[in-house]
Amino acid sequence: MTRRFVPLSLRFSRRRPEVLAPALLGHLLVRVVDGVPRVGRIVETEAYLGPQDLACHSSKGRTARTEVMFGPAGYSYVFLVYGLHHCVNVVTGKGAAVLLRALEPVALPADVRTDGPGRLAKALGVDLSLSGHPLSEPPLFLARGRAVARSNVQVGPRVGVDYAGAWAKAPLRFFVKDSAWVSAR
DNA sequence: ACATTGATCGCT
DNA sequence: GCGATCAATGTC
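Please read these numbers as outputs of a predicted model, since none were measured by experiment.

Visitor: Please explain the overall build of chain A as it appears in this structure.
Guide: Assigned secondary structure in chain A consists of 2 helices and 9 strands. The N-to-C order of helical and strand elements in chain A reads α-β-β-β-β-β-α-β-β-β-β. Here the C-alpha atoms of chain A give a radius of gyration of 15 Å, agreeing with the 16 Å that 2.2 N^0.38 yields for 185 residues. Taken along the three principal axes of its C-alpha coordinates, chain A extends 45 × 35 × 30 Å. Taking the intrachain contacts of chain A between residues at least 6 apart in sequence as the baseline, contacts between residues at least 24 apart amount to 64%.

This is the structure we're talking about:
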């Protein structure tokens, strides 16, 4: 059942985050719950460059929370924002990661929304217990989809990082042009 | 204070 | 309807 999805290797994620972020568009995120895969196509990502990037959690230092970001590429970094919402990232190594912000539904329960990082995590049933999980195997993994042509990728500033000074304006948000599933703001 | 969201208020 | 405002709530 989950076999028809071909996992991306850990190696796939081993690139600079600003390169991986657009490269992930079009690929799939698969979450297996009770043997049933929930699947979405990645349509929106953001790159967080590492300790030098003031919007990146790793710039605040290496803590228990951010430790996994300093580990090997291809693992998940899941965190809790505002005490309520989980956000899912793909670690690229050296304290950097790519935030997954929106999915186009492929195989999901009806009525769940996947636009926005909090809704995405909720729809897939991802919480802190999945932080540090290798995204090459169930129950949470990236799978091969159809890459999005560069001409169909739109770039803009990251959402919700106004506090990060000059970094707030850096064009590190990537999303599929004309996708109805991209988060609004 | 915070890489968010959903509800509500107060207008047009 | 729509934009501004606000509360919820765990970790740092």
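More follows now that the structure is in view.
Visitor: Would you take a moment to explain the protein's contact with DNA strand B for this structure?
Guide: Taken together, 21 residues lie around DNA strand B, and Leu99, Gly116, Gly118, Gly160 and Tyr163 are the ones closest in. Elements represented by at least two residues in the surface near DNA strand B include exactly strand 4 (85-93), strand 5 (96-107) and helix 2 (117-124).

Visitor: Just to check I follow, could you spell out helix 1 (residues 17-24) for this structure?
Guide: By the criterion of burial, helix 1 is predominantly enclosed, with 7 of the 8 residues buried. Inspection of helix 1 places Pro17, Glu18, Leu20, Ala21, Pro22, Ala23 and Leu24 among the buried residues, and these make up the whole buried set. As for helix 1, its buried residues are in contact with strand 2 (36-48), strand 4, strand 5, strand 8 (153-156) and strand 9 (173-176). Positive backbone phi, at 95°, marks glycine 26, one or two positions downstream of helix 1.

Visitor: What's the story with the protein's contact with DNA strand C in this structure? I'm lost.
Guide: Surveying the vicinity of DNA strand C reveals the residues Lys60, Thr63, Ala64, Arg65, Leu80, Tyr82, Gly83 and Leu84. A breakdown of the residues in the surface near DNA strand C according to their chemical character gives 4 nonpolar, 2 polar and 2 charged.

Visitor: Explanation requested: the nonpolar core in the structure shown.
Guide: Among soluble globular proteins, nonpolar side chains are generally buried collectively. Leu24, Val43, Tyr48, Val90, Ala97, Val98 and Leu120 are the most contacted members of the largest nonpolar core, which has 51 residues in total. In contact with leucine 120, not counting residues within four places along its chain, are Val88, Leu100, Arg101, Ala102, Leu103 and Thr114.

Visitor: How should I be thinking about the environment of glycine 26 in this particular structure?
Guide: Structurally, glycine 26 can be placed in the loop between helix 1 and strand 1 (28-33). Classification of glycine 26 by C-beta neighbours within 10 Å gives partly exposed; the count is 19. Expressed as a C-alpha distance, the spacing of glycine 26 and glycine 40, which sit 14 residues apart in the sequence, is 9.4 Å. Once residues within four sequence positions are removed from consideration, glycine 26 is found in contact with Arg41, Ile42, Gly145, Arg146, Ala147 and Val148.

Visitor: Explain the environment of arginine 62 to me, please; I cannot follow it from the model alone.
Guide: Structurally, arginine 62 can be placed in the loop between strand 2 and strand 3 (76-81). Each C-alpha atom, one on arginine 62 and one on glycine 95, is 8.4 Å from the other, the two residues being 33 residues apart in sequence. The contact partners of arginine 62, leaving out residues within four places of it in the chain, are Glu67 and Phe70.

Visitor: How should I be thinking about the pairing of strand 5 in this particular structure?
Guide: As a general feature of sheets, a regular strand has side chains that alternate between the two faces. The buried fraction of strand 5 amounts to 9 of the 12 residues, a majority that puts the element mostly inside the structure. Examined bridge by bridge, strand 4 and strand 5 share 4 bridges and lie antiparallel to one another. In the sheet register, asparagine 89 faces strand 5, and the bridge partner there is leucine 99. The antiparallel hairpin formed by strand 4 and strand 5 contains 2 residues in its connecting segment, where lysine 94 sits at a positive phi of about 60°.

Visitor: What should I look at first to understand helix 2 in this one?
Guide: In an α-helix, one turn spans 3.6 residues; hence positions three or four apart end up facing the same way. Those residues of helix 2 that sit buried are Pro117, Leu120, Ala121, Ala123 and Leu124. For helix 2, the angular spread of buried residues about the axis comes to 165°, placing them on one side. Considering only its buried residues, helix 2 is in contact with strand 1, strand 2, strand 4 and strand 5.

Visitor: Even after reading the chapter, I still don't get unusual backbone geometry, so can you show me in this structure?
Guide: With the exception of glycine, the majority of residues adopt a negative phi angle, and the majority of peptide bonds are in the trans configuration. Cis rather than trans, the peptide bond between proline 138 and proline 139 has omega equal to 10°. The topology assignment puts proline 139 in the loop between strand 6 (136-137) and strand 7 (140-143). The phi torsion at aspartate 34 lies on the positive side, around 55°, for a residue other than glycine. In this structure, aspartate 34 sits in the loop between strand 1 and strand 2. Residue aspartate 34 is classed as exposed on the basis of its 6 C-beta neighbours within 10 Å.

Conventions and cut-offs
- Residues numbered from 1 in each chain as written.
- Chains lettered and ligands numbered in written order.
- Predicted model: local features only at pLDDT ≥ 70, side-chain atom pairs only at ≥ 80, totals over all residues.
- Helix = DSSP H or I, 4+ residues; strand = E, 2+ residues; numbered from the N terminus.
- Rg over C-alpha atoms; globule rule 2.2 N^0.38 Å.
- Contact = placed C-beta atoms within 7 Å.
- Near = placed C-beta within 6 Å.
- Buried ≥ 20, exposed ≤ 12 C-beta atoms within 10 Å, placed from the backbone.
- Nonpolar A, V, L, I, M, F, W, Y, C, P; charged D, E, K, R; others polar.
- Core = buried A, V, L, I, M, F, W, Y, C linked by C-beta atoms within 7 Å.
- Pairing = 2+ DSSP bridges.
- Arc of directions from axis to C-beta.

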